[in-house]
Amino acid sequence: MTKLKKECQKYLPGVLFEESLEKYSTFRIGGKADFFYKLKSNKEFPSIIKFCINENLPFFIFGAGSNILFSDKGFRGLVIKIETEKLEFTGTNIKADAGVLVSKLIKESVAKGLSGLEKWVGLPGTVGGAVRGNAGCNGLETRDILIGATILDPKTGSIQQAKNAYFHYDYRYSKLKRTGEIVLDATFKLEKRKFSAQKQKQIMDEIRKFRQEKQPFGSTTGSFFKNPSPDTPAGMLIDQAGLKGKTIGKAKISEKHANFFLNNGGASYKDILKLAKLAKRQVKAKFGVILEEEVQILSEKGPITLAV
Ligand SMILES: Cc1cc2nc3c(=O)[nH]c(=O)nc-3n(C[C@H](O)[C@H](O)[C@H](O)COP(=O)(O)OP(=O)(O)OC[C@H]3O[C@@H](n4cnc5c(N)ncnc54)[C@H](O)[C@@H]3O)c2cc1C
């Protein structure tokens, strides 16, 4: 065992070596990470960061993996999956650790007789992923209900409380995408349910059904690209560029929703990248629009964006 492995084991008991990333992404694609750690408590973070800085070990954090494309070559460094799960209510506010799944947030708030998250039924991912990416659907974005969050600066290990305005929210954007700061927990403002529990269930059932009708089922990360504007969804542009149903290797652009890329079983990182580059090229050539990735692409060396 190398010195680094030994050190890693000392600081991170339970660390996994050569862990395949495939099962941690909804794309079901990904090679082995040198080191892999499931983080259960926010208290562990500062010392992990310190360790990585001291050892010059690159690290990458993620939540539910519903918005990530991992490389077939894995990652040369430490991948941290945030699995923190504390959740508490104060009146109509809900404070949740970054690792809490949005589906759990909805379930628990409904059980408490609260309302405000119904529109997010079927939205995959964790609280941390949502806060960073301003996730949302059906007219409700994270910025609409976030009061604030505890964030960690990975360069220094310092922790601060940040209010909603700190995040400079925009469509699928927060400042964290630029700074790389990590969300440890977040507090959301909900309200007391003003209608019956039955009505709430009905609303959520309808939203669930709508999602099932509009989106393909399978190994995907949802929308691959951001919509250039509300009137010009990326899916429409990809469709009009003639790419609906286009297949490269085992990767396919969904027939149902052209901004959904599917791994039809055994697709490689390269298959998806080729498809994404093709979509970018054709949309630029036909409409002069440059599509921007919503999905985080992680090469073996770190996060990347695609050239046109
Ligand atoms: C079928 C399907 C449908 C989808 N529909 C929607 C939709 O309607 N609306 C929408 O907005 N999204 C949608 N998505 C995308 C995805 O659900 C969201 O982007 C979600 O917020 C990602 O959360 P996550 O925990 O899975 O993030 P991950 O995929 O784990 O990570 C995504 C990025 O966030 C970063 N990150 C994760 N946790 C943290 C943290 N604690 N602090 C800082 N950075 C962090 C990671 O480093 C990575 O860069 C869909 C995805 C799928 C698979």
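Residues numbered from 1 in each chain as written. Predicted model: local features only at pLDDT ≥ 70, side-chain atom pairs only at ≥ 80, totals over all residues. Heavy atoms only, no water.

**Topic: helix H7 (residues 197-214)**
Point 1. End to end, H7 covers 26 Å across 18 residues, agreeing with the expected 26 Å (1.5 Å per residue, within 8%).
Point 2. Along H7, the residues that are buried comprise Gln-200, Met-204, Ile-207 and Arg-211. Down the axis, H7 shows its buried residues gathered within 60° of arc, on one side only. Exposed side of H7, more than 90 degrees from the buried face: Gln-198, Lys-209 and Gln-212 are the residues found there.
Point 3. Buried-residue contacts for H7 involve helix H3 (102-111), strand S8 (114-115) and strand S9 (136-137). (Helix = DSSP H or I, 4+ residues; strand = E, 2+ residues; numbered from the N terminus. Expected span 1.5 Å × (residues − 1). Buried < 20%, exposed > 50% of the residue type's maximum accessible area, 1.4 Å probe, protein only. Arc of directions from axis to C-beta. Contact = heavy atoms within 4.5 Å.)

**Here we look at the sheet that holds strand S19 (residues 302-304)**
Point 1. Ordered by their spatial adjacency, three strands build an open sheet running S4-S18-S19, and the pairing between neighbours is mixed. Sheet topology places strand S4 (68-70) and S19 at the edges, where each strand pairs with a single neighbour. Across the sheet, the mean angle separating the axes of adjacent strands is 35° when strand polarity is ignored.
Point 2. In this sheet, strand S18 (residues 296-299) lies alongside S4 in parallel orientation, the contact comprising three bridges. (Pairing = 2+ DSSP bridges. Axes fitted to C-alpha atoms, helices over the stretch in contact; angles between N-to-C directions.)

**Topic: the pattern of salt bridges**
Point 1. A complete count under the given rule lists 17 salt bridges for this structure.
Point 2. Of the charged contacts in the structure, one is a salt bridge between Asp-205 and Arg-208, with a shortest N-O distance of 2.9 Å. In this pair, Asp-205 and Arg-208 are both assigned in helix H7, three residues apart and thus about one turn of the helix distant.
Point 3. A relative accessible area of 37% places Arg-208 in the partly exposed class.
Point 4. Lys-244 is paired through a salt bridge with Asp-239; the nearest N and O atoms lie 3.6 Å apart.
Point 5. Taking the relative accessible area as the measure of exposure, Lys-244 reaches 35% and is therefore partly exposed.
Point 6. With relative accessibility at 32%, the residue Asp-239 sits in the partly exposed group.
Point 7. Three or more residues are tied together by salt bridges with common partners; here these are Glu-141, Arg-143, Arg-172 and Glu-294. (Salt bridge = Lys/Arg side-chain N within 4 Å of Asp/Glu carboxyl O.)

**What to know about the site of the ligand**
Point 1. In the vicinity of the ligand there are 34 residues, among which Ile-61, Gly-63, Ser-66, Thr-126 and Gly-136 approach most closely.
Point 2. The separation between an oxygen atom of the ligand and a polar side-chain atom of Thr-126 is 2.6 Å.
Point 3. Taking Arg-211, its side chain carries an N or O atom lying 2.9 Å from an oxygen atom of the ligand.
Point 4. Coverage of the ligand by the protein chains reaches 92% of its 980 Å² of free accessible surface.
Point 5. At the level of secondary structure, the elements contributing two or more residues to the shell around the ligand comprise strand S3 (59-62), helix H4 (127-133), S9 and strand S13 (182-189). (Near = heavy atom within 4 Å. Polar contact = N/O pair within 3.5 Å; in protein donor to acceptor, adjacent residues only side chain to side chain. Areas by Shrake-Rupley, 256 points an atom, 1.4 Å probe, with all protein chains shown as cover.)

**Quick look at the domain arrangement of the protein chain**
Point 1. Split by domain assignment, the protein chain resolves into domain 1 (10-82), domain 2 (87-213) and domain 3 (217-304).
Point 2. Spacing between the C-alpha centres of domain 1 and domain 3 amounts to 25 Å.
Point 3. The interface is formed by 16 residues belonging to domain 1 together with 23 residues belonging to domain 3.
Point 4. Carbon and sulfur atoms supply 61% of the area that domain 1 and domain 3 bury against each other, a total of about 1600 Å² over both sides.
Point 5. Contact with domain 3 buries area across many residues of domain 1, yet Phe-27, Asn-67 and Leu-69 alone supply 40% of it, more than any other trio. (Domains from an automatic or database assignment. Buried area = accessible area lost by both parts, 1.4 Å probe.)

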